[in-house]
Amino acid sequence: MGEDSRLRAVVALAQGMAAAHTPRDSWRAAALGACRALAGSFAALSVWERELGRLRVLVNVGERAPGEEEFPEREAYPVHQFPEITEFLHERWAGGGGPSAWVETARGPGAEHAGYSHQRVAALRRRGRGCCVVAPVVLHGRAWGELYVARRTGDPGFDEADADFATVLASVVAAGIAQSERLEEAHRLAFTDALTGLANRRAVDVRLDEAVERHRGDGVAVSLVVCDLNGLKRVNDTRGHAVGDRLLERFGSVLSLCGAMLPGALVARLGGDEFCLLAVGPSADEVVKVADEICRRAAELELGDGVACGVASTEDPIGALRSARRLFRLADAAQYRAKALRAAKPVVAGREGPDDPVVRLADAPPPAGERRRFRGRH
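Criteria and thresholds
Residues numbered from 1 in each chain as written. Predicted model: local features only at pLDDT ≥ 70, side-chain atom pairs only at ≥ 80, totals over all residues. Heavy atoms only, no water. Helix = DSSP H or I, 4+ residues; strand = E, 2+ residues; numbered from the N terminus. Buried < 20%, exposed > 50% of the residue type's maximum accessible area, 1.4 Å probe, protein only. Contact = heavy atoms within 4.5 Å. Areas by Shrake-Rupley, 256 points an atom, 1.4 Å probe, with all protein chains shown as cover. Pairing = 2+ DSSP bridges. pLDDT = per-residue confidence, 0-100. Phe/Tyr/Trp six-rings, centres within 6.5 Å; stacked < 30°, edge-to-face > 60°. Lys NZ or Arg CZ within 6 Å of the ring centre and 35° of its normal. Salt bridge = Lys/Arg side-chain N within 4 Å of Asp/Glu carboxyl O. Lys, Arg positive; Asp, Glu negative; His and termini not counted. Polar contact = N/O pair within 3.5 Å; in protein donor to acceptor, adjacent residues only side chain to side chain.

### Section: the overall build of the protein
- Looking only at helices and strands, the protein has 11 helices and 11 strands in total.
- The burial tally for the protein puts 49% of its 378 residues in the buried class.
- Summarising the internal contacts of the protein: among those between residues at least 6 apart in sequence, 65% fall at separations of at least 24.
- When the accessible surface of the protein is totalled, it reaches about 18,900 Å², and 51% of it is carbon and sulfur.

### Description of the pairing of strand E8 (residues 266-271)
- With five of its six residues buried, E8 lies for the most part within the structure.
- Examined bridge by bridge, E8 and strand E9 (residues 274-280) share five bridges and lie antiparallel to one another. What sits directly across from Leu 266, in E9, is Leu 278.

### Considering the confidence of the model for the protein
- Taken over all residues, the pLDDT of the protein has a mean of 85, while the share at 70 or more is 89%.
- Note that pLDDT drops below 50 for residues 88-95; the model gives that stretch 13 contacts with residues more than four away or on any other chain.
- Predicted confidence for residues 110-117 stays below pLDDT 50, and this span has three contacts to residues more than four positions away or in other chains.

### Re the packing of aromatic side chains
- For the structure on display, the rule yields two aromatic pairs.
- Here Arg 201 stacks its cationic end above the ring of Phe 328, 4.3 Å away from the centre of that ring.
- The aromatic ring of Phe 191 is capped on one face by Arg 202, whose charged end is 5.9 Å from the ring centroid.

### Structural notes on the pattern of salt bridges
- Counted under the stated rule, the structure contains 24 salt bridges.
- Lys 233 is the salt-bridge partner of Asp 237, the closest N and O atoms lying 2.7 Å from each other. With Asp 237 and Lys 233 both in helix H7 (residues 232-239) and four residues apart, this pair spans about one turn of that helix. Accessibility classification places Asp 237 together with Lys 233 in one group, the exposed group.
- Two residues, Asp 285 and Arg 351, come together in a salt bridge whose shortest N-O distance is 2.9 Å. Of this pair, Asp 285 sits in helix H9 (residues 284-299) while Arg 351 sits in the loop between strand E11 (347-348) and helix H11 (357-363), and the two are 66 residues apart along the sequence.
- Note on Asp 285: relative accessible area 54%, which makes it exposed.
- In this structure, a network of salt bridges that share partners links the residues Glu 293, Arg 296, Arg 297 and Glu 300.

### A word on the pairing of strand E10 (residues 307-313)
- Across the seven residues that make up E10, a large majority, seven, are buried.
- Burial of E10 is two-sided: the residues Val 307, Cys 309, Val 311 and Ser 313 facing one way and the residues Ala 308, Gly 310 and Ala 312 facing the other way are all buried.
- By the bridge criterion, seven bridges tie strand E7 (residues 222-229) to E10 in an arrangement that is antiparallel. Residue pairing across strands places Leu 229 opposite Val 307, the latter belonging to E10.
- Judged from the two bridges that link them, E10 and E11 form a sheet pairing that is parallel. Pairing of Val 311 across the sheet is with Val 348, part of E11.

### Considering the side chain of Asp 356
- Among the structural elements, Asp 356 can be located in the loop between E11 and H11.
- Within the buried core, Asp 356 has no salt-bridge partner, and the shortest N-O distance to an opposite charge, that of Arg 337, equals 6.6 Å.
- A distance of 3.2 Å separates a polar side-chain atom of Asp 356 from the backbone nitrogen of Gly 350.
- Within the local environment of Asp 356, its side chain forms a polar contact with the backbone nitrogen of Val 358, the two atoms lying 2.8 Å apart.
- For Asp 356, the residues in contact, after removing those within four places along its chain, are Val 348, Ala 349, Gly 350 and Arg 351.

In structure tokens form, the structure reads like this:
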């Protein structure tokens, strides 16, 4: 491959990763770009999980062997089987050099190394591949993982120039991963409450819209729990905002713990002393049971005065769900009633008969001068 062709391949790889919308898309673009640039038949991108002492495969592309999944859930290899990712690289860097790729073949290093049983060589033979080039991916000055490209048995083998080019490709992949991580972190921060680490209102709005669409399409149950933490103002006024923040964090932990009882539930802080839990799939009774546990645990906190909790679920008689906003209004109205009654347990919309006061409260416009404000902007 000429210099112009290699430059175009590098640009194509970088553009592919830049266009990715998710980490998976980015990994796939990296592996595909490297596979094409090096005229390989197969490529993989793996990450070194130091805390677990293993190389975990993120993506496999190209001609996959039986058992090789595109995005494997459990394909990982102990690092001691591939010592070069740690020992070889460490020695090379310690000696003042930089990370560089190397080539392996299914033949191994030759007869002078009797009994040689390198894991990569064994894998090449097992999967019908003739050779591979392995390039370390270095991120923030540390080995992050590796880029692996292989060719079929019978195809021309990789040479030193290919290894040098793979080193360049790995550096482009590293830059793309760094950019992807920055975007992912920005996205995470945009949907996360800074104090508690829970989701924020924006995340709830997005997830609730999606949940309501699913409910309309296939009838999946959607339930919303809205909580108002009692006594926060008193804590702030008498003990300071640092203590008030601690109360918010502790209740956030309670909500997170209880939310874990409902698979896939989203736990969020809406702002101020207001929190919510969104469950998609579990029954209304399961959600009410968890809401009851939230109330019980909140009452046991050493700070504050418990929590007012309202629940609205599509499984209860709440009327037509015309929008996500209406479910929010119903849960909010239930919470408003719980606070007015000083209820120790959650109030559930639609469970007080045909003339349910919560449903009427949510659907009726507030009287003149009424200070009540229901959330819901969409």
